[in-house]
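# Geometric and topological summary
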Amino acid sequence: MIKLKQKWKNQRLWVKLTFMVLVTVALTVSVLYLSLTTRIYEATQTQEEEQLLSIAEIVAAQPLVIQTLSNGATNPEVQTYANQITETYQLDFVVVMTMDRIRLTHPDPEKINAPFQGGDEEAALSGQETTSIAQGTLGQSLRAFVPVFNDDNVEIGVVAIGIKTTTLASIAKKTMQPFSVSFAVSLLFGAAAAIFTAFQLKNQMYNLEPIEIARLLEERNAMLENTKDAILVTDKDNRVVLSNLEAKKLFQRDELDVAIVGLPIQSLLPVAQDLQLLAGQNKTTDRIYHQDGVDYLLSTAPITVAKKVIGQIILMRDATELYLLTDQLFNAATYTTTLQTQSHDFLNKLHVIYGLADLEEYEELNDYLGKILEPEQEFSHHMIFLVKNPVIAGFLIGERSKFTEQNYPFMIEVYPDVPPTTDHTAVQCWINIIRFLDQFILENRLADDLQIHFGFWNDRLETVYELQLEPAMKARLTEELHTPVISQLLKRVDGQLEIESNDRRIKISLKTAYRKDGN
């Protein structure tokens, strides 16, 4: 039994579907056939009973039969008449009996003048017409009994006619023959329909087995729930039919009792129509989308089934990570370029110094040394030695170049030294905040009296900006530093931003988490 269950479990889906559909069709048709057979047999029996009674009444009314029963003795004429009735109506027997149950006619001459057998003739001897099935000398048969009366309306005997039950079954079988053919055709049609249905269902499931479908579903759910991107799936009516955990968090609907499934996409993305997300495009699109002070890379793609678009999938990725990666590449490139330039310049300057010293041109050597020790070169050297993180060092060198291009000083005090780290996210968030602050200062020309202090204390980067500002500009800068973008960056690095204001001077203190390499 266990092996049988295991064998059935390992069968392919189309085999199971074919078997189940075929069994269902076979059971349905079989029950219908058996019910129809029973009804036809009963109808045939009722019809035969009525016909037998009619024939028996005809025989009972014959003068020859009445005369024979009145005489109480058989004769050749009545026997011949009984045989003719039997042959004419295709009966198995016609028996005329006296009130003492003595047969005066019978298909077997040897049984004439013998008692009638069966015991079902009592009602007829009492003057009633009856039918019954009983066992007689010819076997089990369906019988009809009709009493015979004389001219004085006195019962003088009984006429019993009948057919054997085998004959009755044969008649019912002939009646059922067309239905039997229909039953066989129905089974063949059911088998064909079962196979066709099984293959159709299998094709609609892309020829996948249930275990394969279950695995795909689990894999899909795992990918959706574990990705960092917010994912929404909509139907052709632009209603959300599926969302992952990140999407629920993004739209602040991650409570168990609040679902975003079933909501119109416009209620979640107000600019969906403007971005033509609902225009039925049959191609993948990528856009930058701004929501709640954060930029997202919005990717949309149609979902096509049988060459028909049934919905779309929308992916929302925080563009901050892209910005961070871009900044990281830019700062690394700046740092690398600076190192290459310094290495090349160092060799050139070394040759010049060696040549001037060899020629004993000490005055020119002194002037040359003064030129190569310019503040910019000194700044780059200091950043490389004081800031062990090349990304931060490259960023600060690049920022100084921006200030220098606009003829503004950019002097920064680094203490204590900044160690290297593997926490690139913290570094990039810090860079984005500082870049935002530097850009604001440059755009509003506020760098004349800028002082910057930068250092590493207790696993945190501490950056302090001090500058002079008018009251209106102070309010504007304070407002800019409390935008959702800055708040999100601070949240990522467990940062603190403090603003102190005194007269016309403002002090901005930034503290962000920074894990030293090796911690």
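Residues numbered from 1 in each chain as written. Predicted model: local features only at pLDDT ≥ 70, side-chain atom pairs only at ≥ 80, totals over all residues. Heavy atoms only, no water.

### A word on the packing of aromatic side chains
Any two aromatic rings considered together are summarised by their centre-to-centre distance and by the angle between their planes. Stated formally: Stacked, edge-to-face and tilted are the three classes for Phe, Tyr and Trp ring pairs, Trp counted by its six-membered ring, which pair at centre distances within 6.5 Å; planes under 30 degrees apart are stacked, over 60 edge-to-face, the rest tilted. Secondary structure is summarised from DSSP: a helix means a run of H or I of at least four residues, a strand means a run of E of at least two, and numbering begins at the N terminus for each. With a 1.4 Å probe rolled over the protein chains alone, any residue whose accessible area is under 20% of its type maximum counts as buried; one over 50% counts as exposed, and the rest are partly exposed.
Here the structure, examined in full by the defined rule, presents six aromatic pairs. An angle of 85 degrees between the planes, with centres 5.8 Å apart, marks the rings of Phe116 and Phe145 as edge-to-face. With Phe116 in the loop between strand 1 (93-98) and helix 5 (122-125) and Phe145 in strand 3 (residues 139-149), the pair connects residues that are 29 residues apart, well separated along the chain. Exposure remark for Phe145: the relative accessible area of 0% places this residue in the buried category. Both rings, one in Phe403 and one in Phe410, keep their centres 4.7 Å apart while their planes meet at 45 degrees; by these two values the pair is tilted. Look at Phe403 and you get buried, because its relative accessible area is 0%. Classification of Phe410 by relative accessible area gives buried; the value is 2%. Members of the aromatic cluster, connected to one another through ring pairs, are Phe395, Trp430 and Phe454.

### Let's talk about a negative patch on the surface
Filter applied, for reference: Like-charged residues are merged into a patch within 9 Å and nonpolar side chains (Val, Leu, Ile, Met, Phe, Trp, Tyr) within 5 Å, provided each residue has over 30% relative accessible area and no salt bridge. Values of accessible area rely on a 1.4 Å probe in the Shrake-Rupley scheme; residue burial ignores everything except the protein chains shown. In what follows, salt bridge is the name for a side-chain nitrogen of Lys or Arg lying within 4 Å of a carboxyl oxygen of Asp or Glu. The charge count treats Lys and Arg as positive and Asp and Glu as negative. His and the chain ends do not count. Every charge is mapped onto a representative atom, which is NZ of Lys, CZ of Arg, CG of Asp or CD of Glu.
Taken together, Asp358, Glu360, Glu361, Glu363, Glu364 and Asp367 make up a surface patch of like negative charges. No other element matches the three residues that helix 11 (residues 362-372) contributes to the negative patch.

### Description of a nonpolar patch on the surface
Taken together, Phe19, Met20, Val23 and Leu27 make up a surface patch of nonpolar side chains, about 380 Å² in accessible area. Within the secondary structure, Val23 sits in helix 2 (residues 13-60).

### A short note on the pattern of salt bridges
Scanning the entire structure with this criterion turns up eleven salt bridges. Linking Arg101 and Glu122 is a salt bridge whose minimum nitrogen-to-oxygen distance equals 2.3 Å. Remark: Glu122 occurs in helix 5 and Arg101 occurs in the loop between strand 1 and helix 5; sequence separation between them is 21 residues. Taking the shortest distance from any N to any O, the salt bridge between Asp494 and Arg460 comes out at 3.8 Å. In this pair, Asp494 sits in the loop between helix 16 (484-492) and strand 13 (496-502) while Arg460 sits in strand 12 (residues 460-468), placing the two residues 34 residues apart along the sequence. For Asp494, a relative accessible area of 53% corresponds to the exposed category. A single salt-bridge network, built from bridges that share partners, covers Arg101, Glu121 and Glu122.

### Here we look at the packing of helix 14 (residues 424-443) against helix 16
Quick note on the threshold: Whenever a helix is involved, its axis is fitted only over the stretch in contact; in every case the axis is a line through C-alpha atoms, and angles between N-to-C directions fall within 0 to 180 degrees. Any angle that is under 35 degrees is reported as roughly parallel, and any over 145 degrees as roughly antiparallel; angles of 65 to 115 degrees are reported as roughly perpendicular and all others as oblique. Handedness of each helix crossing follows the sense of rotation of the near helix against the far helix: counterclockwise by less than a right angle gives left-handed, clockwise gives right-handed. By definition, residues are in contact when any of their heavy atoms lie within 4.5 Å. When residues are sorted by character, Ala, Val, Leu, Ile, Met, Phe, Trp, Tyr, Cys and Pro go into the nonpolar class, Asp, Glu, Lys and Arg into the charged class, and all the rest, Gly among them, into the polar class.
Where helix 14 meets helix 16, the closest approach of the two axes is 9 Å, and the angle between their N-to-C directions is 150 degrees. As summarised for this structure, helix 14 and helix 16 are arranged roughly antiparallel, according to the angle between their axes. Considering only the axes of helix 14 and helix 16, their crossing is left-handed. Counted together, Cys429, Asn432, Ile433 and Phe436 of helix 14 and Ile486, Leu489, Leu490 and Arg492 of helix 16 form the full contact between these two elements. Residue composition of the contact of helix 14 with helix 16, by class: six nonpolar, one polar and one charged.

### Regarding the side chain of Asp120
Let me state the cut-off plainly: The definition of a polar contact used here is a pair of N or O atoms within 3.5 Å, where within protein one atom must be able to donate a hydrogen and the other to accept one, and adjacent residues in sequence count solely through side-chain atom pairs.
Relative to the assigned elements, Asp120 resides in the loop between strand 1 and helix 5. In terms of polar contacts, Asp120 uses its side chain to reach the side chain of Ser132, at 2.4 Å. Within the local environment of Asp120, its side chain forms a polar contact with the side chain of Arg143, the two groups lying 3.2 Å apart. Aside from chain neighbours lying at most four places away, what touches Asp120 is Thr130, Ser132, Ala134, Arg143 and Phe145.

### Structural notes on the environment of Ile441
Structurally, the position occupied by Ile441 is in helix 14. Each C-alpha atom of the pair Ile441 and Leu467 lies 9.5 Å from the other, and the pair is 26 residues apart in sequence. Contacts of Ile441, omitting those with residues within four sequence positions, involve Phe403, Leu446, Ala447, Leu450, Tyr465 and Leu467.

### Let's talk about helix 16
Heads up, the condition is: The directions considered for the arc run from the helix axis to the C-beta atoms.
Regarding helix 16, the residues found buried are Ile486, Leu489 and Leu490. One face of helix 16 carries all of its buried residues, which in axial projection span an arc of 100 degrees. Backbone geometry just after helix 16 places Asp494 at a positive phi near 50 degrees.

### Some words on the pairing of strand 14 (residues 505-513)
To be explicit about the condition: Two strands form a pair only when DSSP identifies at least two bridges running between them.
In this structure, strand 12 lies alongside strand 14, joined through nine bridges in antiparallel fashion. Bridge pairing links Gln468 to Arg505 in strand 14. Across seven bridges, strand 13 lies against strand 14 in antiparallel orientation. Along strand 14, the bridge assignment pairs Leu497 with Leu510.

### Describing the UniProt feature "transmembrane region" (unreviewed entry) in the chain
Threshold: UniProt positions are given in the numbering used here, feature names are shortened, and annotations may be inferred rather than shown by experiment.
UniProt feature "transmembrane region" (unreviewed entry): in the numbering of this structure it lies at residues 13-36 and 179-199. Within residues 179-199, the helical portion is 100% and the strand portion 0%, while the C-alpha atoms at the span's ends are 30 Å from each other.

### As for empty space enclosed by the protein
For clarity, the cut-off: With a 1 Å grid laid over protein atoms only, a set of points is called a cavity when a 1.4 Å probe fits there but cannot get out and a pocket when it is open yet has protein on both sides within 12 Å along at least five of seven lines; lining residues have an atom within 4 Å of a point. Grid points are joined across faces, edges and corners, and a volume is the space filled by probe spheres set on the points.
Evaluated as defined, the whole model comprises two cavities of 30 Å³ or more. If you add up the space inside the largest cavity, you get close to 90 Å³. The wall of the largest cavity is formed by Phe93, Val95, Arg103, His106, Phe116, Gln117, Gly136, Thr137, Leu138, Gly139, Ser141 and Arg143. For the lining of the largest cavity, the secondary structure elements donating two or more residues are strand 1 and strand 3. The biggest single contributor to the lining of the largest cavity is strand 3, with three residues. Grouping the constituent residues of the lining of the largest cavity by class yields four nonpolar, six polar and two charged. Together, Ile433, Ile434, Leu437, Tyr465, Leu481, Leu497, Ile508 and Leu510 line the second largest cavity. For the lining of the second largest cavity, the secondary structure elements donating two or more residues are helix 14 and strand 14. Grouping the constituent residues of the lining of the second largest cavity by class yields eight nonpolar, no polar and no charged.

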